[in-house]
Amino acid sequence: MGFAELSITSNFTFLTGGSHPEEYARRAALLGLEAIAIADVNSVAGVVRAWSELRKIEEEIADRAQAMADPIGPPKPPHLPDPPGLRLDHVPRLLPASCLHLTEGLRLTALPRDRTGWASLCRVLSIGRLRARKGECILHLDDLLAHAKGLELLLHAPDRETPEWRRAAERLSRRLGPQTNLLMAPCYDGQDKARFRRAETVSQALGLATVASARPLMHHGSRRRLTDILTCIREGLRVEELGTAAQANAEQRLRSEAEIRRIFAEHPDAVDRSVEIAARAQFDIRSLRYEYPSEIAEGESAAERLARLARAGLEWRYPQGIPERAQKQLDHELRLIAKLGYEPYFLTVHDIVAFARGRGILCQGRGSAANSITCYALGVTSVSPEIGTMVFERFVSEARNEPPDIDVDFEHERREEVIQHIYERYGRHRAGLCATVIHYRGKRAVREVGKAMGLSEDVLSALSSQIWGSWSRHGPELERMREIGLDPDSPRLKQTIRLIEEIIGFPRHLSQHVGGFVITEGRLDELVPIENATMEDRTVISWDKDDIDALGILKVDILALGMLTCIRKAFALLKTHHQADYTLATLPPEDPAVYEMLCRADSLGVFQVESRAQMNFLPRMRPRCFYDLVIQVAIIRPGPIQGDMVHPFIRRRNGEEEVSFPSDELGRVLAKTLGVPLFQEQAMQIAIVGAGFTPEEADRLRRALATFKKHGNVSEFRTRFMRGMRQNGYDAEFAERCFSQIEGFGSYGFPESHAASFALLVYASSWLKRHHPGIFACALLNAQPMGFYAPAQIVRDAREHGVEVRPVCVNRSHWDNVMERTETGALALRLGFRQIKSMREEDAEWLMAARGNGYLTVEDVWRRAGLNARTLTVLAEADVFAALGLSRREALWAARALVPKRELPLFAGDLDGEGIVEGRVTLPAMTEGEEVVEDYVAMRLTLRRHPVALIRHRLSPGLDRRWLAAHALRAG
């Protein structure tokens, strides 16, 4: 009759399950099971992974059947080989489920019968998780009783029945008896027959039928050791300390029908009943119909509203008249958007951006959205699409049939306002952030597995030191291990390395996505469970970006970018001091002076091109137009560098090498980059045009190119790519170079449209630095922490550009750095209290509020501002009292004299509410070197001479140059 495994624990029951959902799905197919239920504890986080794997298995079986029917057809990429004695020719059904742990002691596996049952399961999980802190779930029986419609429930038989368990179970059976069965599972300890008989007795007393399950913790017995290691990590133990918590054997694994029938030989009905229950649980996760908010307003449909806003936006973007190409492109995009029904999505993004701009929050769309003139007209992006070169179908494609993905950057200091606006507008039951699954990578795997295996701290440090990026396929090289003092033949170390290799890629816990919002028309908590994030007032869903992509669920990325904070603050300063009202879209374009500055590599603090690698490349690239900045942003990346594309591009740009194309077809793809592939879109087009990839294969390649994928490897495409290039007449060397560059995108690759969005911020920050260096430095300091450079380097660079920088002053400074007029009418940069380490903004506010016409003494500050002794000491150490005629030591002496009486018990009865008044003393003056050191200690910068200037007279000319060069490299 068959067997369905109805209660599987995957590794999404974090640090408990020993196998991936995908591994269970493939193993179940090989074993020929009727159905499997991924039932993680109080979670459905792993069900989409199993569902996606079963879809792949369907494709593999179809491909195998086609190959047998058409053996002369094109060869297919090799599939995973079938294990001996097993053949992949059957696809089991996936039953989404969850194992509910109730506070009354009951354990139940809940399987949805239909869409209503899935909604019930999501609601009950959301209730339990939202009342607990992140990662935990508090569920009561009442919660389940209130939301049990459409659920098939399997009550786990207890090992030892207690009166509390019996009372709760009887209450459950009275209320939900017709939809409840008692689940029996073996423990493989020699007592299973007696255990099953007790379970039968309990089932009869409760009026429930029994159902059989292996309740596997792993897909295969080979995972026993890793399962024990996970227990060690979870419990904070070493392997030697596990005791009875360790797996007694490797038996708690996924079982075939024959094995289950042998185990439950005396209870065949319980095995048969598993198939009957699976037949009733007909809910298929692919049937989820995600409904985006309709965005209908004032009787105007979403399509009508989008068309009206887009056409009005186009008139705003082109006040001198809309170009014909722009109008045609907008009409084309609106038709495609309407055909795919994505108008509400664009309207949501428009409304979020409009809210931010209404609050004065600077924002900028990036990524593929820059391909769209619709986004340009709606104000989502300020990058004008190069119509005819950036293809809208890269963003929204009917052929790919996947939702668009719009990323919008907001000021990093104010993004939370936007996030809370989304929650308030749609409600927390309709909006939530995506999850991010934190997986084991090299260093964490080494430390946690090594600690569980009892390795010493010095061995762990040595082993961890050999990891760059991710753990290699075979771990560290044997010779290298000997060099660092480790014995590669040690049995314990060898076993540790094998376990590290196994645990790489295992999920460890759920975190929140950087900003991906899922918003629904109906209840989000009936589509997917919602839980609390670590951050206050944040809620997240159980699925990550890959999961919602697989299910076709739309998300809006609300991201943070420090440079936007800097630019917005710079625009505010320009408006205050120059009455100039700028936006990203209204900055003077193509300013030659800006490009001259960049050609000199004068880009400290400028967005994206401030690193040493970018500074070294700028004089070679010599950007002269906006598209040069697009290339500049994208070219100094691991992809082009690893693929050896940088030097050929420069040689061709400088006329040192002939610009040639392998074919006319690839010439059209690579013309703008002089025959050298630099962008993700070009990598895709090379695969399609040059290697004969289908659009579906190219889409899989594009997904493999994504940043920071947990597997981060596109090598599986190599054979297919090289064969296709050879068949189309391209030489092997060119094909190898192309694929090497494509592999680089597996670590980090830029799409052209993304680079264009970032290039706009490069130009904006460069324009500010070139024409208003003081304002740019002031805004950059006020937006810290961000970028490559410390405040000391920003201040030094501003002074080199002729900006007068004034020190922090008790009577003139504010919390932020500000610009103030000099006697000549120029602008000087006044450092703010924020530059002082250990200074709190609240204390600075009190100081400024009580300042009036100014303070006269340290005691004056203490009395009027009410600052405590610690804060006065911090201010004195930063030398903020210099304008009062006090040296740093004198101010520090005065501050420490003002100690409240409660801090000196000896004088508790002398003065009522007053400090201890000290007489004036003469203190030795600090040397300039001491002042410089104290400046760095207090503020991480100095306005005095550079530290090297104080010892330069001691350095020989040659040593001077070498020392300065080394210091410059370290300082960045």
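Residues numbered from 1 in each chain as written. Predicted model: local features only at pLDDT ≥ 70, side-chain atom pairs only at ≥ 80, totals over all residues. Heavy atoms only, no water.

What to know about the overall build of the chain
Keep this limit in mind: Numbering goes from the N terminus for both helices and strands, where a helix is a DSSP run of H or I of at least four residues and a strand is a run of E of at least two. Relative accessibility under 20% of the residue-type maximum defines a buried residue, over 50% an exposed one, and the middle range a partly exposed one, all with a 1.4 Å probe and only protein chains included. Should any heavy atoms of two residues lie within 4.5 Å, those residues are counted as being in contact. Calculation of accessible area relied on Shrake-Rupley with a 1.4 Å probe; when residues are assessed, cover is drawn exclusively from the protein chains displayed.
A count of helical and extended segments in the chain gives 39 helices and 17 strands. The buried share of the chain, taken over its 972 residues, is 55%. Looking at the chain alone, contacts between residues at least 24 apart form 73% of all its contacts between residues at least 6 apart. In the form shown here, the chain has an accessible surface area of approximately 42900 Å², with 51% of it arising from carbon and sulfur atoms.

A look at the packing of helix α5 (residues 163–176) against helix α6 (residues 192–206)
This is how it is decided: Only C-alpha atoms enter the line fits that serve as axes; for helices the fit covers just the stretch in contact. Angles between N-to-C directions range over 0 to 180 degrees. In these notes the angle categories are as follows: under 35 degrees is roughly parallel, over 145 is roughly antiparallel, 65 to 115 is roughly perpendicular, and the rest is oblique. In the scheme used here, Gly and all other residues not listed as nonpolar or charged are polar, with Ala, Val, Leu, Ile, Met, Phe, Trp, Tyr, Cys and Pro taken as nonpolar and Asp, Glu, Lys and Arg as charged.
Closest axis-to-axis distance for the α5/α6 pair is 10 Å, and the angle between their directions is 50°. Considered as vectors, α5 and α6 are oriented oblique to each other. Within the contact between the two elements, α5 uses Trp-165, Arg-166, Ala-169, Glu-170 and Ser-173 and α6 uses Val-202, Ala-205 and Leu-206. Looking at the contact of α5 with α6 residue by residue, the classes come out as five nonpolar, one polar and two charged.

Examining the nonpolar core
Stated precisely, the cut-off is as follows: By convention a nonpolar core is built from buried Ala, Val, Leu, Ile, Met, Phe, Trp, Tyr and Cys residues, the set being connected through side-chain atoms within 4.5 Å.
Formed by 120 residues in total, the largest nonpolar core has its most connected members in Leu-106, Leu-155, Leu-172 and Trp-543. Residue contributions to this core peak at eight residues, all from helix α12 (residues 343–358). Among all residues touching Leu-155, those that are not within four sequence positions of it are Leu-106, Arg-107, Leu-108, Trp-165, Ala-169, Leu-172, Thr-180, Asn-181, Leu-182, Leu-183, Leu-206 and Leu-208. The next biggest cluster of nonpolar side chains, apart from the first, holds 104 residues, and it includes Leu-760, Val-874, Leu-875 and Val-880.

A closer look at the sheet that holds strand β16 (residues 818–821)
Let me state the cut-off plainly: In short, DSSP must find at least two bridges between two strands for them to pair.
With mixed pairing, three strands are arranged side by side in an open sheet as β15-β17-β16. Each of the sheet's edge strands pairs with one partner strand only, and the pair in question is β15 (804–806) and β16. The average angle at which neighbouring strand axes cross in this sheet is 40°, direction not considered.

Brief notes about the sheet that holds strand β6 (residues 180–184)
In spatial order, the strands read β1-β2-β3-β4-β5-β6-β7; together these seven strands make up an open sheet with mixed pairing. Each having just a single partner strand, β1 (4–8) and β7 (210–212) make up the two edges of the open sheet. Averaged over all pairs of adjacent strands, the angle between their axes in this sheet comes to 30°, without regard to strand direction. Where β6 lies against β7, three bridges are found, and the strand directions are parallel. Bridge pairing in β7 places Leu-183 opposite Val-211. Relative to strand β3 (residues 93–101), helix α3 (residues 115–130) is tilted by about 30°, and along the sheet it contacts β2 (35–41), β3, β4 (107–112) and β5 (151–156). This element, α6, spans β5, β6 and β7 of the sheet and lies at about 170° to β6.

Some details on unusual backbone geometry
Glycine aside, negative phi is the norm for most residues, and most peptide bonds take the trans geometry. In this structure, Pro-785 follows Gln-784 across a cis peptide bond, with omega equal to 5°. Within the fold, Pro-785 resides in the loop between α32 (773–782) and α33 (791–800). At Leu-15, a position not held by glycine, the phi torsion is positive, near 60°. Mapped onto the secondary structure, Leu-15 falls in the loop between β1 and α1 (21–31).

With respect to the packing of aromatic side chains
We count it as follows: Here the aromatic set is Phe, Tyr and Trp, taking the six-membered ring for Trp, and pairing holds for ring centres within 6.5 Å; pairs whose planes are under 30 degrees apart are stacked, those over 60 apart are edge-to-face, and all others are tilted.
A full pass over the atoms with the stated rule returns twelve aromatic pairs. Here the aromatic rings of Tyr-345 and Phe-346 are separated by 6.1 Å at their centres, their planes lie at 90°, and the arrangement is edge-to-face. No difference in accessibility class separates Tyr-345 from Phe-346, as the two residues are buried. Ring centres 5.0 Å apart and planes at 80° place the aromatic pair Phe-607 and Phe-758 in the edge-to-face group. In this pair, Phe-607 sits in the loop between α21 (592–599) and α22 (612–621) while Phe-758 sits in helix α31 (residues 752–771), placing the two residues 151 residues apart along the sequence. Take Phe-607: its relative accessible area is 8%, and that puts it in the buried class.

Describing the pattern of salt bridges
Rule in force here: Here, a salt bridge means any Lys or Arg side-chain nitrogen found within 4 Å of an Asp or Glu carboxyl oxygen.
If you walk through the whole model with that rule in mind, you get 74 salt bridges. With a shortest N-O distance of 3.0 Å, Arg-26 and Glu-60 are connected by a salt bridge. With a gap of 34 residues between them, Arg-26 in helix α1 and Glu-60 in helix α2 (residues 47–69) connect regions that are remote in the sequence. Arg-26 gets classed as buried once you look at its relative accessible area, which sits at 14%. Between Arg-414 and Glu-417 there is a salt bridge, with its nearest N and O atoms 2.9 Å apart. Residues participating in the shared-partner salt-bridge network are Glu-804, Arg-806, Arg-812, Glu-820, Glu-823 and Arg-830.

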